[in-house]
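# Tertiary structure, described
Each chain, letter by letter, is given below.
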Amino acid sequence: MSNIPFTKMHGCGNDYVYVNVMEHPIVDPVKAAVLLSDRHKGIGSDGLVLIGASPIPEADFSMRIFNADGSEAMMCGNASRCIGKYLYERGLTTKTQIRLLSNSGIKTLHLHVDNGVVESVTVDMGRPQLENPEQFVTSRGLDKGTFVSMGNPHYVIFTDDVDQVGESGRLLEHHPAFPQRCNIEFARVTDDDVIRTRVWERGSGITQACGTGACATAVAAFITGRAGRQSQIVMDGGTLHIELRESDSHVLMTGPAEFVFDGEIKLQTT
């Protein structure tokens, strides 16, 4: 057992424990994620994020994300913004444009810096997919929502009752239409291009925010004619600005990232 330094950060309330595995490797991140995420017996978080070196020259750094239940995620928009702030403010890079390798490919982070402080981060999340048979089987009978893959699967339901997220989200995550389970968003357009959204994240349950979920909600609103190419997605923990760029259909997500605290915890390292 060794003392492993960690940093807790959040993006719009979506909180994770971050570990720089370039200096402090974690042998069993699945077990560590479950331990650290426990809000009564651990640090308390929506999961564990590992910040690493990139194994390929096309990216500057890498990220791995493990949900509170230990399952590994494909991508997390809020976590990627936090990593940008961490890398810059902790002196691991001087770049304000960072190429970050995730399980869903390389994402480009644009840091908005003022007097050495990263005030916000814009992430190029790439092109959304509206069909992915590995993630969504259309023949399984779901037709009240819109499927959008941002690398990870999302199912967006527009409704006046966004507070059904707990009961309905739990059931829909495991619906047979989603072979890999699914993130579920309940959304309501409250004003021109302002969308109130609540999120059920697969492997974590209700979270304060979800970056990829905000992107999926904005895409679903645009393709169903509920909003334009730019939306403000208002979640429990804060607001993200999402743009569906006309030139290449890439989704751009802009929002804050915040440090909460640093600490050390004993973990198995061999």
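This section reports on the structure supplied with the text. Counting restarts for each chain, with residues numbered from 1 along the sequence as it is written. Local features are withheld for residues below a pLDDT of 70 in this predicted model, meaning they are given only at 70 or higher, and side-chain atom pairs are given and counted only at 80 or more; totals for whole chains, interfaces and linings count all residues. The side-chain quantities take in all heavy atoms of the structure and omit both hydrogens and water.

### Description of the pattern of salt bridges
Side chains bearing opposite charge may pair, as long as their charged atoms lie close to each other. Salt-bridge detection follows one rule: a side-chain nitrogen of Lys or Arg within 4 Å of a carboxyl oxygen of Asp or Glu. Throughout the structure, instances matching the rule amount to 15 salt bridges. With a shortest N-O distance of 3.1 Å, Asp46 and Arg39 are connected by a salt bridge. The exposure class of Asp46 is buried, given its relative accessible area of 6%. Asp248 is the salt-bridge partner of Arg245, the closest N and O atoms lying 2.8 Å from each other. Only protein chains enter the area calculation, which uses a 1.4 Å probe; residues under 20% of their type maximum are buried, those over 50% are exposed, and those in between are partly exposed.

### Considerations on the nonpolar core
Tyr18, Ile83, Met125, Ile242 and Val251 are the most contacted members of the largest nonpolar core, which has 50 residues in total. In what follows, residue pairs with any heavy atoms lying within 4.5 Å of each other are defined as contacts. What Val251 contacts, discounting residues up to four positions off in sequence, is Val123, Asp124, Met125, Gly126, Pro128, Met150, Cys215, Val219, Ile242, Glu243 and Leu244. Here, nonpolar core means buried Ala, Val, Leu, Ile, Met, Phe, Trp, Tyr and Cys residues that are tied together by side-chain atoms lying within 4.5 Å of each other. Membership of the second largest hydrophobic core comes to 14 residues, among which are Tyr155, Ile157, Phe178 and Cys182.

### Notes on the side chain of Ser231
With respect to the helices and strands, Ser231 occurs in strand β14 (residues 230-235). With a relative accessible area of 1%, Ser231 lands in the buried category. Ignoring sequence-local partners within four residues, the contact set of Ser231 consists of Asp193, Ile195, Ala218, Leu240, His241 and Ile242. Only DSSP runs of H or I with at least four residues qualify as helices, and only runs of E with at least two residues qualify as strands; both kinds are numbered from the N terminus onward.

Just distances and angles here, no functional claims.
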